[in-house]
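# Structural overview
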Amino acid sequence: MWISSAPLRISLAGGGTDVPSYAQRFGGMVLGATIDLRVTVVGRPGTAHGHIRACLDECSSTATGGVSNPFAQEALRRHWDGSPLDLVSFADVPGGSGLGSSSAFSVALVAGLEGGRLTAGEAGEAASVIELEGLGRPVGRQDQYLSAFGGFHLLHFPRTGVVEVTEVPVDTQFTRRLDEELLLFFTGRTRDAGEVLGEQNARLKHSDQEVERRLHEIKALTPLALDALKSKDATALGEVLGQHWNLKRRLGTLVSMPVVDRAYADALDAGASGGKLLGAGGGGYLLLHAAAGVRHQVRTAVTAHGFTERPFRFDDCGVRVIAVDPAGRSKGLMPSH
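This write-up is about the structure you can find in this document. (Residues numbered from 1 in each chain as written. Predicted model: local features only at pLDDT ≥ 70, side-chain atom pairs only at ≥ 80, totals over all residues. Heavy atoms only, no water.)

On to the pairing of strand β8 (residues 182–186). In terms of residue burial, β8 counts as a mostly covered element, since five of its five residues are buried. Burial of the side chains of β8 extends over both faces: L182, L184 and F186 are buried on one face and L183 and F185 on the other. Where β8 meets strand β10 (residues 285–289), five bridges bridge the pair, whose relative direction is antiparallel. Bridge pairing in β10 places L183 opposite L288. (Buried < 20%, exposed > 50% of the residue type's maximum accessible area, 1.4 Å probe, protein only. Helix = DSSP H or I, 4+ residues; strand = E, 2+ residues; numbered from the N terminus. Pairing = 2+ DSSP bridges.)

Below, the structure is given as structure tokens:
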């Protein structure tokens, strides 16, 4: 039996510039980090049947083509060896909530199916291929690579398509400060990132100059966020988040919604330095920076809109695969890089 786990991520700057319709023309750049919320997949040799029994979104006992989860179906098509298999998955957040759970699931499943033999880069690329090529989703590669590597990373997406991954060292004490000052709130609404990004993707394919200009400006924020991390300036990081959101919310009609706009405005009035919806937008989680002196006021302002706070901490543990024998002994399989 194997247990595979991959972390969820927070994109700090540059999100959207990794989507191929932009990156293949201009090159993209994203700064992000992983947190202590994860997706876990458990697999074991099937003993009661000769095919796959999967309990993912729902339980089914069928051949590969009948698994209802499209990410699992594509991963199995590419990485399953055909032997009887039981699969179960668990996630710390709802799907479609902007923390990259679908990509983390793909990374964890591929790593497990491959027996922990993949490097982090190989796992990230394999999961990207599943989403972009196998499923044809108009998404980028940041979620898969951040989840596979774990920690703070700067990702470059050159026009050649080969992802360049650079680890960003962040002072431990400053990371712990960010754990306290970055607040995460669930809006209660989920969405498919592919649907939200579809409008942006279509406009880019038609060389929409307004969308291109905003994505250029979003990419230009990435070095500012990087400087904020290096100089240990949490307020500056919050302001970059806010600038990102002001640009991002105008990329498409599905990115924001009135209740989010009202909650965000009230958070700023309460003292937050900035923030943004994570992922493609359209719901999910709202990330805000609030210094110690205003945290209570910001929490009160946002939860008044029905949003629920989700505590989290930054965590540098990427994808991991553990093999467990019937006697309960375990052995780590997945390398970190």
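From this point, things continue past the structure.
Before going further, it helps to examine the packing of helix α3 (residues 101–113) against helix α5 (residues 142–149). Helix packing for two helices is described by the angle between their axes and how far apart those axes are. Where α3 contacts α5, the two axes come as close as 8 Å, and the packing angle between them is 55°. In this view, α3 runs oblique relative to α5, as classed from their interaxial angle. Of the two possible hands of crossing, α3 and α5 adopt the one that is right-handed. In this structure, α3 uses S103, A104 and V107 to contact α5, whose residues at the interface are D143, Q144, S147 and A148. Across the contact of α3 with α5, the residue classes break down as three nonpolar, three polar and one charged. (Axes fitted to C-alpha atoms, helices over the stretch in contact; angles between N-to-C directions. Parallel < 35°, antiparallel > 145°, perpendicular 65-115°, else oblique. Left-handed = near helix turned anticlockwise from the far one by under 90°. Contact = heavy atoms within 4.5 Å. Nonpolar A, V, L, I, M, F, W, Y, C, P; charged D, E, K, R; others polar.)

This next bit is on unusual backbone geometry. In this structure, K232 is a non-glycine residue whose phi angle is positive, near 60°. Checked against the element boundaries, K232 lands in the loop between α8 (209–230) and α9 (234–248). For K232, a relative accessible area of 43% translates into the label partly exposed.

Moving on to the pattern of salt bridges. Pairs can form between side chains of opposite charge whenever their charged atoms are close. On inspection of all chains with the given rule, the structure shows 16 salt bridges. The residue D143 makes a salt bridge to R9 at a minimum N-O spacing of 2.6 Å. You can see D143 sitting in helix α5 and its partner R9 sitting in strand β1 (residues 2–13), a full 134 residues away along the chain. Judged on exposure class, the residue D143 and its partner R9 are both buried. For E309, the salt bridge goes to R299, with nearest N and O atoms at 2.7 Å. One end of the pair, E309, is in strand β11 (residues 308–309); the other, R299, is in helix α11 (residues 295–303), and 10 residues separate them in sequence. Using a relative accessible area of 30% as the deciding quantity, one classes R299 as partly exposed. Members of the salt-bridge network, linked through shared partners, are E74, R77 and R78. (Salt bridge = Lys/Arg side-chain N within 4 Å of Asp/Glu carboxyl O.)

This is a description of form; function is not addressed.
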